[in-house]
Structure formats: structure tokens, C-alpha cells
Amino acid sequence: YYAADGESLPAEQITVMGWLVGIDGQGHDQTWIPVGGMDVPVGTTAAEFTEEMLERNGVKADIYTQETHGYWMLNAVTSPLDADRTLSYNPNTWEYWQFFVNGELSMVGADQRTLDNGDLVIWYYGSDGTMPDFDEGDDDDVVIVDGIEVDDGEGGKRKVTPLIETKRGIGYLSLIHISEPTRP
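To keep things clear, this report deals only with the structure shown in the data block.

**As for the sheet that holds strand 8 (residues 120-126)**
- The strand order across the open sheet formed by five strands is 2-1-8-6-7, and the pairing between neighbours is mixed. A strand with exactly one partner marks an edge of an open sheet, and here the two such strands are strand 2 (29-41) and strand 7 (104-105).

Here it is in C-alpha cells:
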């Protein structure tokens, strides 16, 4: 399809959220990119979204690509809070940059995962499918407020990441199992 002026019409957009959590110098979880959303074209992969999220937030990363290594991988990320702190695979602890979508460890690479409207992409530095640890005693004081519903693309709605409130404000986070789709 083309617009009246001969230009291509803009691609249909979806909203995807992202979150990057590293480890500080004392070994504690530390948000390196806060939860935030971006509009991206339908068909965007988690790899494409991640590259854009890192670039928009000015976070330096070493990314293996199909062209350079034959596969896509978030190899190393430099903390935006401490330029001397770069995290990559640690063979002693088996920690690496893990990729989650909607709170579940992805079983495919980020370049193989096409995103849906309302998805939350989480990159967390840890091992064995561990998610960021926000216990009730943490300074964050996480409180589940509500969930949101988005169109599922088939005329229905689906519940996505719960809305949380912390001392730092309100954002979307996926630490709880996502409920099944709901129909109107």
C-alpha cells in the first residue's frame, strides 16, 4: 500500500516494554535500564527491540550477530552507572545475560522471538533462569497494584504484566505468572 504522496504507509505498530537488570559492585540486582515501553513495527524480534532499547538509553553492549558470529547473543553490557563495570559470561558462576519474555525464560534466541503487543522483554544477568529478586524486605517495597489488558490481535483481550508501585514510581514488571487470555 502507498500513501497519496507515493510514500509507503507507516508499518502497524505494537507497544513492547523492556527492562535491563545487571549486578552492582556488591553483587546486588541493579536496574540498568528502567522498565519502559517503545512502539515498534509488527514483526519486530526481541533482538531488534533490545538493540534499539540499548541505543536509546545510551547503554554500551557487545552483541554477537548473524553476520559476525552466525547467531545473535547479548554478550556483554557495560553498566550505565559504573563505566568500569562490564558483565559478560562468567565461567566460574555460569552467570550470563538471560532473556525473558513476560516473566518466562525464553527457549529460543532473541533473534528468533517475534514480539507481541504488550510483551515485556527482560534481560537479567544471572544463572539458571533466575529472575531479579525483589523480596518484601527490599528497599523497593514492591506492591502489586493491578494488571493491564491489551488486544490479542484476534478480537479478544489478554492480561499482561502486572502494574507495580515502588518507591521509585510506577512501572510494569513481570515477576508473577501471566494469566491466560480473557475474552470480552
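**Topic: the layout of surface pockets**
- When its volume is computed, the second largest pocket comes out at roughly 270 Å³.
- Those elements that place two or more of their residues in the lining of the second largest pocket are strand 4 (73-78) and strand 6 (96-101).
- Ranked by the residues each element gives to the lining of the second largest pocket, the list is headed by strand 6, at four residues.
- The residue inventory of the lining of the second largest pocket, partitioned by class, reads eleven nonpolar, four polar and no charged.

**Here we look at the packing of aromatic side chains**
- Enumeration over the complete set of coordinates arrives at six aromatic pairs.
- With 5.9 Å between their ring centres and 45° between their planes, Trp72 and Trp123 make a pair best called tilted. Here the residue Trp72 occupies a position in the loop between helix 2 (66-69) and strand 4, and Trp123 occupies one in strand 8, the gap between them amounting to 51 residues. As far as the burial class goes, Trp72 and Trp123 line up, both buried.
- Residues Phe99 and Trp123 carry aromatic rings whose centres are separated by 5.1 Å and whose planes lie at 25° to one another, so their mutual orientation is stacked. Linking Phe99 in strand 6 with Trp123 in strand 8, this pair joins segments that are 24 residues apart in sequence.
- Trp123 gets classed as buried once you look at its relative accessible area, which sits at 3%.
- Pairwise contacts between aromatic rings join Trp32, Trp97 and Tyr125 into one cluster.

**A look at a nonpolar patch on the surface**
- Side chains of Tyr89, Trp94, Tyr96, Leu105, Met107 and Val108 sit close together on the surface and give an oily, nonpolar patch of about 660 Å² of accessible area.
- Among the structural elements, Tyr96 can be located in strand 6.

**Digging into helix 1 (residues 46-56)**
- Every buried residue belonging to helix 1 is among Ala46, Ala47, Phe49, Thr50, Met53 and Leu54, and all of these are buried. Projected down its long axis, helix 1 shows its buried positions confined to an angular sector of 160°, all on one face. Of the exposed residues in helix 1, the ones pointing more than 90 degrees away from its buried face are Glu55 and Arg56.
- Gly58 sits one or two positions beyond helix 1 and adopts a positive phi of about 65°.

**Some thoughts on the sheet that holds strand 4**
- One open sheet accounts for three strands, arranged 3-4-5; its pairing is antiparallel. Since the sheet does not close on itself, it has two edges, and those belong to strand 3 (61-64) and strand 5 (86-88), each with one partner. The mean inter-strand angle of the sheet, taken between neighbouring strand axes irrespective of direction, is 15°.

**What about the pairing of strand 8?**
- A large share of strand 8 lies buried, amounting to seven of its seven residues.
- Every second residue of strand 8 is oriented toward a common face, with Leu120, Ile122, Tyr124 and Gly126 on one face and Val121, Trp123 and Tyr125 on the other, all of them buried.
- Looking at chain direction, strand 1 (residues 13-23) and strand 8 are connected through five bridges and run parallel. Among the inter-strand pairings, Leu20 is bridged to a residue of strand 8, identified as Trp123.
- Direction of pairing for strand 6 relative to strand 8: antiparallel, over a ladder of six bridges. The partner of Val101 across the bridge, within strand 8, is Val121.

Cut-offs used in this document
- For every chain, the first residue of the written sequence is number 1, and numbering continues from 1 onward in sequence order.
- In view of the model being predicted, local features appear only for residues whose pLDDT reaches at least 70, and side-chain atom pairs are presented and counted only at 80 or more, with totals across whole chains, interfaces and linings using the full set of residues.
- Here the side-chain values reflect all heavy atoms present in the structure, with hydrogen atoms and water set aside.
- When DSSP finds two or more bridges between two strands, those strands count as paired.
- Numbering of helices and strands runs from the N terminus, with a helix taken as a DSSP run of H or I at least four residues long and a strand as a DSSP run of E at least two residues long.
- Grid points spaced at 1 Å over the protein atoms alone were grouped into cavities, where a 1.4 Å probe fits but cannot get out, and pockets, open sets with protein on both sides within 12 Å along at least five of seven lines, with lining residues defined by an atom within 4 Å of a point.
- Grid points are joined across faces, edges and corners, and a volume is the space filled by probe spheres set on the points.
- Throughout, the ten residues Ala, Val, Leu, Ile, Met, Phe, Trp, Tyr, Cys and Pro are labelled nonpolar, Asp, Glu, Lys and Arg are labelled charged, and all others, Gly among them, are labelled polar.
- Pairs were defined over the aromatic rings of Phe, Tyr and Trp, the Trp ring being its six-membered one, requiring ring centres within 6.5 Å. Orientation was assigned from the angle between planes: stacked under 30 degrees, edge-to-face over 60, tilted for the rest.
- Working definition: with a 1.4 Å probe on protein chains only, accessible area under 20% of the residue-type maximum means buried, over 50% means exposed, and in between means partly exposed.
- A patch consists of residues exposed above 30% relative accessible area that lack any salt bridge, with like charges linked at up to 9 Å and nonpolar side chains (Val, Leu, Ile, Met, Phe, Trp, Tyr) linked at up to 5 Å.
- Values of accessible area rely on a 1.4 Å probe in the Shrake-Rupley scheme; residue burial ignores everything except the protein chains shown.
- Any Lys or Arg side-chain nitrogen found within 4 Å of a carboxyl oxygen on Asp or Glu counts as a salt bridge.
- Comment: arc refers to directions from the helix axis out to C-beta atoms.
- Here an angle of 0 to 180 degrees is reported between the N-to-C directions of two axes, which are lines fitted to C-alpha atoms, with helices fitted over the stretch in contact.

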